[in-house]
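Residue-level structure breakdown
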Amino acid sequence: MKKLTALFLAVLMTLALAACSSGGNAPAAPGSDTGSAPAAPEGAKEVTVGLIQLMEHPSLDEIRAAITARLEEKAAENGLSIKVNYQNGQGDTSTINTICQQFVAAKADVIVAIATPAAQGAATAAEGSGIPVVFSAVTDPVAAGLVDSIEAPGGTITGTSDAIPVEKIFALAQKLTPDVKSYGLIYNTSEDNSLSVIAQVKGYLDGQKIPYVEGAVTTSADVQTSARNLLGQCDAVFAPIDNTVASAMGVLADEAIQVKKPVYVAADSMVADGGLATVGVNYTNLGSQTADMVLKVLTGTPAGEIPVEVLRDNAVVINAETAAAIGVEIPADTVTAG
Ligand code: TRP
């Protein structure tokens, strides 16, 4: 447990900087190989990982960096020489499908898919091919139709999940901004990860008799208009773990800061990008855990026999700069919930 201090802002700023520098790397051209393990020991088994990421935004980039670093670190001791073929799905379903079909045609040893829509594309493409899929950061793998059960996935698919502690986020909101009487909910209705969180949020708000207005976006270009519209009608905005909104988080944060209203979010990266606060998981840990599951699959454990790992190591993250800009005081007893 650690008190939130000015130092915490420094941590956030470091996070933001790290995100900027990783975002600055040129994305891979389709078909290019962007990484392989260093010289493998004699006799290492050569394997290929097809790595598909829905789109590039700071949190997904952080996850990918953690996955590739861990695979590289652990390859030799698992008797493997791992070649990672990374492809960016550009947030587009047909691009994702094409990439995943290419992975299957090239007989990748495993497909690793970051974020729900990428995992859904990978699962469809790999069906019947015998190629295992390990997904990463899928908020609700059952609702997304990827597995029937978290404990016993069966089939050829498993992975990691970032469960969102909805009640903890709203308890934090109540503490930071007790005067908020209504929420605007901004999300992309075609992201199953968002729909799952929004269903919980609506249940919670209905239970508390707190009114809300919904603002749907289809692409990140819609975020500004939807944000203005919601901010004009509500005291605060909540954004779930939505990739489309996350990729335009700076725009949403700027709109809210202009009218001095809070935006509560569902990921630390969205706080680093200007959102006021969240309670969420550590995505570097999530990426490392995903890589450990990939290594198990590559060394012979059937994916369906590995339970889905749901991360619950929640921590409170608050952007002190946003808080100051909109006039919200961070109570001294607000602590990270390690
Ligand atoms: N959980 C999201 C999904 O299932 C992916 C994700 C990970 C994400 N980190 C994020 C989305 C941060 C928005 C912001 O697709």
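It should be noted that the structure appears before, not after, this text.
All values reported here derive from a predicted model rather than from experimental measurement.

**Comments concerning helix α4 (residues 116-126)**
- Burial analysis of α4 places eight of its eleven residues in the buried class, which makes it a mostly covered element.
- Taken residue by residue, α4 has Thr-116, Ala-118, Ala-119, Gly-121, Ala-122, Ala-123, Ala-125 and Ala-126 as its buried positions.
- Check the buried side of α4 and you find it contacts β2 (45-53), α3 (93-105), β4 (110-114), β5 (133-136), β6 (157-162) and α6 (192-208).
- Looking one or two residues beyond α4, the residue adopting positive phi is Gly-128, at roughly 80°.

**Some points on empty space enclosed by the protein**
- Enumeration according to the criterion identifies two cavities of 30 Å³ or more in this entry.
- The computed volume of the largest cavity comes to approximately 130 Å³.
- Elements with a contribution of two residues or more to the lining of the largest cavity: α2 (58-74), α8 (243-246) and α10 (268-272).
- No other element matches α2, which puts three residues into the lining of the largest cavity.
- Taken together, domain 1 (14-162 + 282-307) and domain 2 (166-280 + 315-334) each give at least three residues to the lining of the largest cavity, which thus spans both.
- Of the voids in this model, the second largest cavity is the one considered here, and its volume is about 30 Å³.

Calculation criteria
- Residues numbered from 1 in each chain as written.
- Predicted model: local features only at pLDDT ≥ 70, side-chain atom pairs only at ≥ 80, totals over all residues.
- Heavy atoms only, no water.
- Buried < 20%, exposed > 50% of the residue type's maximum accessible area, 1.4 Å probe, protein only.
- Helix = DSSP H or I, 4+ residues; strand = E, 2+ residues; numbered from the N terminus.
- Contact = heavy atoms within 4.5 Å.
- 1 Å grid on protein atoms, 1.4 Å probe; cavity = no way out; pocket = protein on both sides within 12 Å on 5 of 7 lines; lining within 4 Å.
- Points joined across faces, edges and corners; volume = space filled by probe spheres on them.
- Domains from an automatic or database assignment.

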